[in-house]
Amino acid sequence: MHIDLLRSSAKSLPQQICDTLAQRITSGLLQPGTRLPSVRGLAVSLKVSQVTVSKAYADLEKRGHIICSQGKGCFVAEHERNGPDTRTGWQEVYDDYLPRAQLWRNFDYSEVEYPFHMAAIHSGLLPLGPIGATMAQLVTEQPELMASYGNFQGNLELREIMRKHLQPRGITLSSADLMITSGSQQGIDLVARTFVGPGDTVYLEAPSYTGAIDVFAGRGAEMIFVPMDQEGMRVDVLTRLCDQRPPKLIYTNPTFQNPSGVTMSMPRRQRLLELARSYRCLIVEDDPFSDLYFRTPPPPSIKSMDEDGHVVYMKSFSKVLAPGCRIACVAAAGNILSRLIAAKSASDLGSPLLTQGAVLPFISHKYENYACKLRAALRRRMEKAAKLLKQYAPPGVAWNLPEGGLNLWLQLPSAAGIDRLHVLAEREGISFLPGDVCYAGDTPSRHIRLCYSQMKEADMERGLKLFLILLDKHLNSLR
Ligand SMILES: Cc1ncc(COP(=O)(O)O)c(C=O)c1O
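Residues numbered from 1 in each chain as written. Predicted model: local features only at pLDDT ≥ 70, side-chain atom pairs only at ≥ 80, totals over all residues. Heavy atoms only, no water.

1. Remarks on the overall build of the chain
The helix and strand tally for the chain stands at 15 helices and 15 strands. For 479 residues, the compact-globule estimate of 2.2 N^0.38 gives 23 Å, and the C-alpha radius of gyration of the chain, at 23 Å, lies within 12% of that figure. Dimensions of the chain along its principal axes, counting C-alpha atoms only, are 65 × 60 × 55 Å. Looking at the chain residue by residue over its 479 residues, the buried ones come to 55%. Look at the contacts in the chain between residues 6 or more apart in sequence, and 73% of them connect residues 24 or more apart. Summing over all exposed atoms, the chain offers an accessible surface of approximately 20,900 Å²; the carbon and sulfur share of this is 52%. For the chain, the distance from the average site of its 54 positive side-chain charges to the average site of its 48 negative ones is 4 Å. (Helix = DSSP H or I, 4+ residues; strand = E, 2+ residues; numbered from the N terminus. Rg over C-alpha atoms; globule rule 2.2 N^0.38 Å. Buried < 20%, exposed > 50% of the residue type's maximum accessible area, 1.4 Å probe, protein only. Contact = heavy atoms within 4.5 Å. Areas by Shrake-Rupley, 256 points an atom, 1.4 Å probe, with all protein chains shown as cover. Lys, Arg positive; Asp, Glu negative; His and termini not counted. Charge placed at Lys NZ, Arg CZ, Asp CG, Glu CD.)

Here's what the structure looks like:
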């Protein structure tokens, strides 16, 4: 499908694609039921990125012109022909409140040889063998686990192990103060459903984790992004902002932050907690990466200093153990936790007993040793990536070396051309995350996120070198 795009136009590329297709649909040129090209296919033919096409499709869907369903594709809506009284026509004008920042997760990465886009660890480094063996044993020896719901709050034995796990990390709570969730993504969602309503003010770091942005957007929150520096969220700026709009909630990922890799300093952690106390609001401390430090352990968690229950702490085991098991732990004191347990029961009646049982012995007996080895492997990758950056990164490209975590956050000379870079990289079999999805709305960002842990080490090195050479060529072509 061809669409004339004016790259010099003040109208954004997604808007141009959306308007053109909307016009073709309303004029009848594109008939109801017609399947639109795949995001990837249209991106290739228009020489734009998949981000651009998916933004355009999301807008068309919001305007009721098309219907997209995962795995099937996007189709021109039926009501364009028959009116909304066909059997399912009503659905097309049925408002939804789904945010769409996470659309990038639906891109077709099947042909990507060098996947740098997802903050994840290569399966070869994860303890899938022992966890799988426990799972198999549970299925044969305790099949009744599949026949029961279990406790909404989570398996008591696992909560007890989580308690022991958190204690040396400065978090001293009882297992009654902990709840098991399906990843910290569910934890964030439960907090938002319980405590955030339309118009409530939620502060986040700029940039922030896309999954959290979507959750708060879905609640109709007023999201305010607070700038960061090398010590994390600028709490001085946040304090001034709070004077004008008191916070309902502050979301932070203070340690090896996704996407920037920055770690919040201890004084900032203390001041943030003081601020939450003075405003009597909640902090969500999302902490999936703190065990993945390269040299020295990061500062203590904000939760470890929380005496009066302002912090809802989330410890995910997705990044470090097995994302497919969907195991995280939420720690919160007082009646905040009981309200979250009520939300969990309404959401899914409790996490699966099989996956809770499968990770339990590993976390209990083998985790600390394993984490040591994992840290060493990740550090080696990060150092190799750092060396390649030093050698091949073009002038004008800046980055900070993270002291832990999974990501490199590269700053390019300008936001212009990142879309094109995405297309060029894809042609070479390389994927990355464009930084603008880490902000709300259409903020153009001159950053990109590269995850150095998603591939085998040698592949990562080959892919990164290829990417940096491509980036150099690309930036030269813009000069
Ligand atoms: C900062 C942060 N929080 C939460 C999540 C969600 O992880 P999970 O739901 O697998 O625990 C991610 C995943 O990328 C993340 O980076």
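2. Side note on the pattern of salt bridges
Under the counting rule described, the total for this entry stands at 21 salt bridges. Linking Lys315 and Asp287 is a salt bridge whose minimum nitrogen-to-oxygen distance equals 3.7 Å. On the criterion of sequence distance, the pair formed by Lys315 in strand 10 (residues 311–316) and Asp287 in the loop between strand 9 (282–286) and strand 10 is long-range, its members being 28 residues apart. Using a relative accessible area of 3% as the deciding quantity, one classes Asp287 as buried. Between Arg379 and Glu383 there is a salt bridge, with its nearest N and O atoms 2.9 Å apart. Residue Arg379 and its partner Glu383 are both found in helix 13 (residues 353–392); the two are separated by four residues, about one turn of the helix. Under the relative-accessibility criterion, Arg379 is labelled partly exposed at 29%. A relative accessible area of 32% means that Glu383 is categorised as partly exposed. Among the ionic contacts, a cluster of salt bridges with common partners joins Arg169, Asp287, Asp291, Lys315 and Glu368. (Salt bridge = Lys/Arg side-chain N within 4 Å of Asp/Glu carboxyl O.)

3. With respect to helix 10 (residues 235–244)
Looking at helix 10, one finds that the buried residues are Val235, Val237, Leu238 and Cys242. In a view along the axis of helix 10, the buried residues occupy a sector of 145°, so they form one face of it. In helix 10, the exposed residues that point more than 90 degrees away from the buried face are Arg240, Asp243 and Gln244. (Arc of directions from axis to C-beta.)

4. Digging into unusual backbone geometry
Put simply, Ala206 and Pro207 share a cis peptide bond, and its omega is 5°. Position of Pro207 relative to the elements: it lies in the loop between strand 5 (201–206) and helix 9 (210–218). With omega at 15°, the peptide bond leading from Asn258 into Pro259 counts as cis. In this structure, Pro259 sits in the loop between strand 8 (249–252) and helix 11 (266–279). Phi angles above zero are rare outside glycine, and Lys47 is one such case at about 60°. Relative to the helices and strands, Lys47 is located in the loop between helix 2 (39–46) and helix 3 (50–62). Despite not being glycine, Phe256 shows a phi value in the positive range, around 50°. Within the secondary structure, Phe256 is located in the loop between strand 8 and helix 11. Look at Phe256 and you get buried, because its relative accessible area is 4%.

5. Considering the site of the ligand
Around the ligand, the surrounding shell holds 14 residues, and the nearest of these are Asn258, Asp286, Ser316, Ser318 and Lys319. At a separation of 2.5 Å, an oxygen atom of the ligand approaches a polar side-chain atom of Ser316. The contact in question runs from an oxygen atom of the ligand to an N or O atom on the side chain of Ser318, over 2.6 Å. In the complex, 94% of the free accessible area of the ligand, which totals 400 Å², lies under the protein chains. Taken together, the residues of the shell around the ligand sort by class into four nonpolar, seven polar and three charged. (Near = heavy atom within 4 Å. Polar contact = N/O pair within 3.5 Å; in protein donor to acceptor, adjacent residues only side chain to side chain. Nonpolar A, V, L, I, M, F, W, Y, C, P; charged D, E, K, R; others polar.)

6. Quick notes on the side chain of His474
Within the secondary structure layout, His474 lies in helix 15 (residues 457–478). Residue contacts for His474: discarding those within four places in its chain leaves Gly417, Arg420, Leu421 and Leu424.

7. With respect to the side chain of Ser265
Structurally, Ser265 is set in the loop between strand 8 and helix 11. One polar contact links Ser265 to Glu231, side chain to side chain, over a distance of 2.6 Å.

8. Some thoughts on helix 7 (residues 156–166)
Every buried residue belonging to helix 7 is among Leu158, Arg159, Ile161, Met162, Arg163, His165 and Leu166, and all of these are buried. Buried residues belonging to helix 7 abut strand 4 (178–181), strand 10, strand 11 (328–331) and helix 13. In this structure Asn155 caps helix 7, since a side-chain oxygen of it lies 2.7 Å from the backbone nitrogen of Glu157.

9. Notes on the nonpolar core
A general tendency of soluble globular proteins is for nonpolar side chains to be buried together. If you look at the biggest cluster of nonpolar residues, it comprises 86 residues, and the most contacted ones within it are Met162, Leu238, Ile250, Leu272, Leu321 and Phe467. Counting residues per element, this core draws most heavily on helix 13, which supplies 15 residues. When sequence neighbours within four positions are dropped, the list of residues in contact with Phe467 reads Leu421, Ala425, Ile430, Phe432, Ile448 and Leu450. (Core = buried A, V, L, I, M, F, W, Y, C linked by side-chain atoms within 4.5 Å.)

Everything listed here is a matter of coordinates, which is why it stays silent on function.
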